[in-house]
Amino acid sequence: MMNRIFSKKLLGLVGVSFVLGSSQLAMALVPNNVAIIVNSGSTNTIGYRIYVSPTGEVNYVDGKGSNRGKLSKKLTREFFRDVKIAEPLSNLSVKQGCAKSVSFGTTTTIKLADQQSQDISCPGNEKAQRLDNDVIAIAKALNVVNVPKSQGKPLPPQNF
């Protein structure tokens, strides 16, 4: 009897471990057409990551936890259009020496396939400004914010 109870508990733990491991693996295997918005957080706040698919389906994680959402067709279309116009993202112009608060300053980048932007929250031209505006609109639509560290949980590690 005791062995059966132990076996069932062990089997349950193995199942939970498999599911957790699978979800981490799934996050590590982000399709090439999914854009990832990464906000670094700051000394006092927790950052966030938003995974945006071309269909507007979104997965995100911030200091409040992880969630899913759906963006409007218009916002999704504008965001991916602006990303395309800004390619290659690594060449996107940003202001050098952009002044930010030591305690609350964050950086925001966009990653798509093998491209990654510099900090778009310091836009150096109209292309970067449009992307910064898109990211602000996406975060607002999803109610994703920089949660104070005292009020949230740290983000899980980024596996890519």
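Residues numbered from 1 in each chain as written. Predicted model: local features only at pLDDT ≥ 70, side-chain atom pairs only at ≥ 80, totals over all residues. Heavy atoms only, no water.

Considerations on the confidence of the model for the protein
Detail in the predicted coordinates should be disregarded across regions flagged by low pLDDT. Taken as a whole, the protein shows an average pLDDT of 81; of its residues, 79% reach a score of 70 or greater. Per-element averaging of pLDDT across the protein places helix α1 (residues 2-28) at the bottom with 39 and helix α2 (residues 73-86) at the top with 97. (pLDDT = per-residue confidence, 0-100. Helix = DSSP H or I, 4+ residues; strand = E, 2+ residues; numbered from the N terminus.)

Some points on the sheet that holds strand β2 (residues 46-52)
The pairing of strands in a sheet comes from backbone hydrogen bonds and takes either a parallel or an antiparallel form. Spatially, the six strands line up as an open sheet ordered β4-β3-β2-β1-β5-β6, and their pairing is antiparallel. Unpaired on one side and paired on the other, β4 (65-70) and β6 (115-116) mark the two borders of the sheet. Sheet topology note: the strand β1 (residues 35-41)/strand β5 (residues 108-112) ladder contains five bridges and is antiparallel. Counterpart to Ala35 in the pairing with β5 is Leu112. (Pairing = 2+ DSSP bridges.)

Comments concerning the side chain of Asp132
The topology assignment puts Asp132 in helix α3 (residues 126-142). Taking relative accessible area as the criterion, Asp132 reaches 12% and is therefore assigned buried. (Buried < 20%, exposed > 50% of the residue type's maximum accessible area, 1.4 Å probe, protein only.)

Some remarks on the pairing of strand β3 (residues 57-62)
Sheet analysis places β2 next to β3, joined by four bridges and oriented antiparallel. The partner of Ile50 across the bridge, within β3, is Tyr60. Bridge count for β3 against β4 is six bridges, and the pairing is antiparallel. The partner of Asp62 across the bridge, within β4, is Gly65. Following β3, the chain reverses through two residues before pairing antiparallel with β4.

Looking at the state of the cysteines
The final tally for this structure, using the stated rule, is one disulfide. The residue that forms a disulfide with Cys98 is Cys122, at a sulfur-sulfur distance of 1.9 Å. For the disulfide bridge between Cys98 and Cys122, the dihedral angle about the S-S bond is near -80°, and by the sign convention the bridge is left-handed. Residue Cys98 is located in the loop between α2 and β5, and its partner Cys122 is located in the loop between β6 and α3; the two are separated by 24 residues in the primary sequence. Assessed through its relative accessible area of 31%, Cys98 is described here as partly exposed. (Disulfide = S-S within 2.5 Å.)

A look at the pattern of salt bridges
Once the charged atoms of two side chains with opposite charge are near each other, the side chains can pair. Under the criterion given, the structure shown has seven salt bridges. For Asp82, the salt bridge identified is with Arg81, shortest N-O distance 3.0 Å. A relative accessible area of 4% means that Asp82 is categorised as buried. Overall, Arg81 belongs to the partly exposed group, its relative accessible area being 40%. A salt bridge links Arg130 to Asp82, with the nearest nitrogen and oxygen atoms 3.9 Å apart. Highlighted residues: Arg130 in helix α3 and Asp82 in helix α2, separated in sequence by 48 residues. Exposure remark for Arg130: the relative accessible area of 36% places this residue in the partly exposed category. Beyond isolated ion pairs, a larger network of salt bridges with shared partners links Arg81, Asp82, Glu126 and Arg130. (Salt bridge = Lys/Arg side-chain N within 4 Å of Asp/Glu carboxyl O.)

What about the packing of α2 against α3?
Closest axis-to-axis distance for the α2/α3 pair is 9 Å, and the angle between their directions is 150°. Classified by the angle between their axes, α2 and α3 sit roughly antiparallel to one another. Read as a crossing pair, α2 and α3 show a hand that is left-handed. For the pair formed by α2 and α3, the contact residues are Leu75, Glu78, Phe79, Arg81, Asp82, Val83, Ile85 and Ala86 on the first element and Lys127, Arg130, Leu131, Asp134, Val135, Ala137, Ile138 and Ala141 on the second. Taken together, the residues of the contact of α2 with α3 sort by class into 10 nonpolar, no polar and six charged. (Axes fitted to C-alpha atoms, helices over the stretch in contact; angles between N-to-C directions. Parallel < 35°, antiparallel > 145°, perpendicular 65-115°, else oblique. Left-handed = near helix turned anticlockwise from the far one by under 90°. Contact = heavy atoms within 4.5 Å. Nonpolar A, V, L, I, M, F, W, Y, C, P; charged D, E, K, R; others polar.)

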